[in-house]
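Take a look at the letters that make up each chain.
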Amino acid sequence: MQHSASRLLGLIPTLLVLITIAFFLIRLAPGGPFDSEKILPPEIKANLDVKYHLDEPLLMQYFRYLGQIITLDFGPSFQYKDWTVNELIARGFPVSMTIGGLAVLLAFLLGTLIGIVAAMKQNTGTDYSLMGVAMLGISIPNFVVAPLLILLVAVYAGWLPAGGWDWSVQRMVLPVLTLALPTTAYIARLTRGSMIEVLHSNYIRTARAKGLPELLVILRHALKPALLPVISFMGPATAGLITGSVVIERIYSIPGLGSYFVQGALNRDYTLVMGVVIFYGVIIILLNFIVDLLYAWMNPRIRYNEVQ
Amino acid sequence: MEPPPRMNTVRLVIVAVTMLMLAQTVWPMSVNRGLGPEPDSLDIHQAQGLSAINLLRDLREGLLSFDAKGELVPGQAESWQVLDGGKRYRFTLRPDARWSNGDPVTAADFIRAWHRAFSPQTASSTVGLLQPVVNATAVMSGKMSADALGIEAPEPGVVEITLTKPAPWFLELLAHPVSYPLHPSSMDDPRHAPVNGPFMLEKWVPRALISLKKNPEYYAANSILIDSVKYFPIEEPAAELLRFRAHELDITETIPSGRYDWLEKNLAAQLRTYPYLGSFWLGINFRRPILGHSASLRRALALAIDREILVRVVLGAGEMPAWSIVPPGISGYRPAQMVERGWSQERREAEAVRLFREVGFQAGFGKHKPLVIELRYNTSQLHRRMAVAVSAMWKQVLGVATELVNEEWKVFVNNRKMGVVTEIFRGGWIADYGDPSSFLDLFTSGSALNTTFYADSEFDQILASADRDSGVVRMERLHKAESVLMQDMPVIPLYYYVSRHLVSTRITGFADNVRDIHLSRYLGSTAESP
């Protein structure tokens, strides 16, 4: 417990470093939020700089920003002027989390299943074909898969909508599938590898020698240790999936969080980029923390309290 | 007792016909439109992007508005007088102009909105369009109070605007969102404020959907055929095309590049391309030693480019070869096109070689010591293809070695503005208003928008003198000013833009026009399902 609490406290200095680096990096990039095709008259540029405090020294802006985010206020977006960054994140994240969460779930269930089957049928035709498909899933980028899926399923067959977002299941199917595909493939390969390793260990041989049926050997004895590498992969993978994917969002026109990050950087939308960076930082740190807890629960060898 | 079977059929037919008629009348008519990127703001003084401006034109209305063909028509003002030789305008508001909450639109609503637009605290980026108004710059920079601004309300239903000098194109700016009125309540809350346009905001889900419904208080509400408009912000043109093909959109904002041939073959009835008031060119930095000093060299580079190949093979989306800065389509104006336009490409290239040798002889470059120039553009597949093609043409015809430099958008515009590292760069302009001066003013010496740093007193003088005249004389002078530009060639025109949409065949009232303005109030739809 004590360990968990101190790890959570460690979040603060990590975030502070993250904020500082991100703040000065985005300011180093040439061009500003108001540079565009049409160059602004100097009077208007001056008004804008005053309004957004861009006329102040950078260090002062930095401390002003720190003071502001202590109150959890990320400020107004430069690009989407009618919305605050808090509002944009609050609207974008649930969408990304839904699609990403479903994709994670699908990838985990399907990936481990494929991996276990492949491991059980090691070096057979089933194994080779499953792993072949998995390799394909990892190597084909989703900007190829997504338009192909839309063309086949939405345009030609007319079964599902071609894109857009209204929280209906029909509009989630294709993005979730596209997003889950490479992760499923990766998990399948990971599960197969570690399952084969576990199946060769002594205690499994003992279990088999006792005359336990193969299915029970797998479920009762081999599954938990075999899933350990998958669990540690799931932490960062989940963080990556639930924070949104730019490619998926652009092709399916989904209002998730991923595009804000990239668009924000391209538009020099300082407040939006900072807001999303901080938000990502918190999510990734939290997920890693959860994975550590899960890991300890599944693997008695690293349980902290018992060592102490 | 069963009725005879024939009776049954008759009844069935009657029921079916009645249902069909009901479906025709009762079903709400809706149009689904692609919007392009997410609008930057629905605040009339903050909106800058085209998607936001287009939305605001459906939600609100200025003193003037546009008809289906993009021509100016009376809006909230039913009539106006031009006084003092074009320096003063007197607008009479429509008696039936109303806000969506039923309040009448008054002259005070305009004055209030303009004071907000010019206030330094608002920091509007588009208010510069209204610079011709008396004391505009002084009020904008906070040196004078808003009361000094050249807008007054002598009577509740009359708005008077005074300009520093006649500006014949000024009326069009009164149809631009920056000059719209604001309701006194919730001035700073564009999401909930009452509007005075044909539609009202119903729902706004950022980057997913903006849905509008008919405003019953709008003076011409009875003439509007549809009940609602759904705008879908779709940033990716390829995704927009897929959604159009899946019948989820009736009108797209654009078409993906490189798909023109395919669309012409497969969606010919839906594809709508039309000239647009925009030009694409290569700008030349006049601060550069050789390029900046030799008009012959610039002309040689311009003539060596085969524009036909450029628009047909490289771009292939219906663009038109350009030989002038001002695109065709502005009523009353004849663009000053380069004389070489009528020549064959062989003759142009021969002339290019002749000019190039002449300059090379003096400046010391030629066959053995090739001229090296730099062409800079912002990262985009289309710009890269354009740049590669142009550099290949220069190489082939003149033997010029071109260094291609691509930069991220903000870096590029920043470098172009500074004019230190740029040599030849991607440039272009889309008209703010349908007048040649929207293009020609870019090249006046000292203009913040002049990224070529071209400075010519003759050109400046002709342009200034043009504003003292009106009508045909003014257009003649502007034509003369453009001829000077085409002689000096601060930019090499490549092509004129076109507007490109896919419009479902069930949609009525979509009229192609050079301003590419298509207000939803003129649209209709012939059936509910596509």
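About the criteria used
- Residues numbered from 1 in each chain as written.
- Chains lettered and ligands numbered in written order.
- Predicted model: local features only at pLDDT ≥ 70, side-chain atom pairs only at ≥ 80, totals over all residues.
- Helix = DSSP H or I, 4+ residues; strand = E, 2+ residues; numbered from the N terminus.
- Rg over C-alpha atoms; globule rule 2.2 N^0.38 Å.
- Buried ≥ 20, exposed ≤ 12 C-beta atoms within 10 Å, placed from the backbone.
- Contact = placed C-beta atoms within 7 Å.
- Pairing = 2+ DSSP bridges.
- Axes fitted to C-alpha atoms, helices over the stretch in contact; angles between N-to-C directions.
- Domains from an automatic or database assignment.
- Nonpolar A, V, L, I, M, F, W, Y, C, P; charged D, E, K, R; others polar.
- Core = buried A, V, L, I, M, F, W, Y, C linked by C-beta atoms within 7 Å.
- Parallel < 35°, antiparallel > 145°, perpendicular 65-115°, else oblique.
- Left-handed = near helix turned anticlockwise from the far one by under 90°.

## A few points about the overall build of chain B
Across its full length, chain B holds 16 helices and 18 strands. The C-alpha radius of gyration computed for chain B amounts to 27 Å, which stays within 12% of the reference 24 Å derived for 530 residues, consistent with globular compactness. The 530 residues of chain B split such that 44% are buried. Contacts in chain B between residues at least 24 apart in sequence constitute 67% of all its contacts with a sequence separation of at least 6.

## Some points on the interface of chain B and chain A
Contacts between the two partners involve 40 residues from chain B, matched on the other side by 38 residues from chain A. Counting only elements with at least two residues in the side of chain B that touches chain A, the list comes to α4 (136-140), α6 (237-245) and α13 (409-418) of chain B. For the side of chain B that touches chain A, the leading source of residues is α13 of chain B, giving 6 residues.

## A word on the sheet that holds strand β8 (residues 199-205) of chain B
Residues and elements named next belong to chain B. What the 4 strands build is an open sheet, ordered β1-β10-β9-β8; its pairing is mixed. Of all strands in the sheet, those bounded by a partner on one side alone are β1 (30-36) and β8. Across the sheet, the axes of successive neighbouring strands diverge by a mean angle of 20°, strand direction being ignored. Alignment of β1 against strand β10 (residues 228-233), held across 6 bridges, turns out to be parallel. Residue pairing across strands places glycine 36 opposite proline 233, the latter belonging to β10. Across the sheet, helix α2 (residues 50-59) is in contact with β1, β8, β9 (209-214) and β10; its angle to β8 comes to roughly 140°.

## Looking at unusual backbone geometry
Residue and element names in this part refer to chain A. In this structure, tryptophan 167 is a non-glycine residue whose phi angle is positive, near 65°. Relative to the helices and strands, tryptophan 167 resides in the loop between α7 (142-156) and α8 (169-199). According to the C-beta neighbour criterion, tryptophan 167 is exposed, with 11 such atoms within 10 Å. Its identity as a non-glycine residue notwithstanding, serine 253 has a phi of 50°, on the positive side. Tracing the backbone shows serine 253 in the loop between α11 (246-252) and α12 (258-266).

## With respect to the domain arrangement of chain B
Residues and elements named next belong to chain B. What the domain assignment lists for chain B is domain 1 (30-219 + 503-525) and domain 2 (277-498). Listed per partner, the contact involves 11 residues of domain 1 and 10 residues of domain 2. Across the side of domain 1 that touches domain 2, the residue classes break down as 7 nonpolar, 1 polar and 3 charged.

## A few points about the nonpolar core
Residues Ala103 of chain A together with Leu59, Phe118, Val127 and Val159 of chain B are the most contacted members of the largest nonpolar core, which totals 118 residues. Sequence-distant contacts of valine 127 of chain B, that is, excluding residues within four places in its chain, are made with Ile44 of chain A together with His45, Ala117, Phe118, Met140 and Val178 of chain B. Ala322, Trp323, Val359 and Met489 of chain B belong to the second largest nonpolar core, which has 66 residues in total.

## Regarding the sheet that holds strand β5 (residues 88-93) of chain B
Residue and element names in this part refer to chain B. Read from one edge to the other, the open sheet built from 4 strands follows the order β4-β5-β7-β6, with strand pairing classed as antiparallel. Strands with a single pairing partner mark the edges of an open sheet, and in this sheet they are β4 (77-83) and β6 (151-155). In this sheet, adjacent strand axes meet at a mean angle of 25° when their direction is disregarded. Taken together, the 3 bridges between β6 and strand β7 (residues 158-162) define a ladder with antiparallel strand orientation.

## Some words on the packing of helix α15 (residues 457-466) of chain B against helix α16 (residues 471-488) of chain B
Residue and element names in this part refer to chain B. Relative to each other, α15 and α16 sit at 165°, their axes nearing to 8 Å. One way to sum up the angle between α15 and α16 is to call them roughly antiparallel. Considering only the axes of α15 and α16, their crossing is left-handed. Touching Glu458, Phe459, Ile462, Leu463, Ser465 and Ala466 of α15 are Arg474, Arg477, Leu478, Lys480, Ala481, Val484 and Leu485, all from α16. A breakdown of the residues in the contact of α15 with α16 according to their chemical character gives 8 nonpolar, 1 polar and 4 charged.

## A look at the environment of aspartate 456 of chain B
All names here are of chain B. Secondary-structure assignment places aspartate 456 in the loop between α14 (437-440) and α15. A tally of 18 C-beta atoms within 10 Å means that aspartate 456 is categorised as partly exposed. Sequence separation between aspartate 456 and aspartate 488 is 32 residues, and the spatial gap between their C-alpha atoms is 9.1 Å. Beyond its immediate stretch of four places on either side in the chain, aspartate 456 contacts Ser445, Val484 and Asp488.

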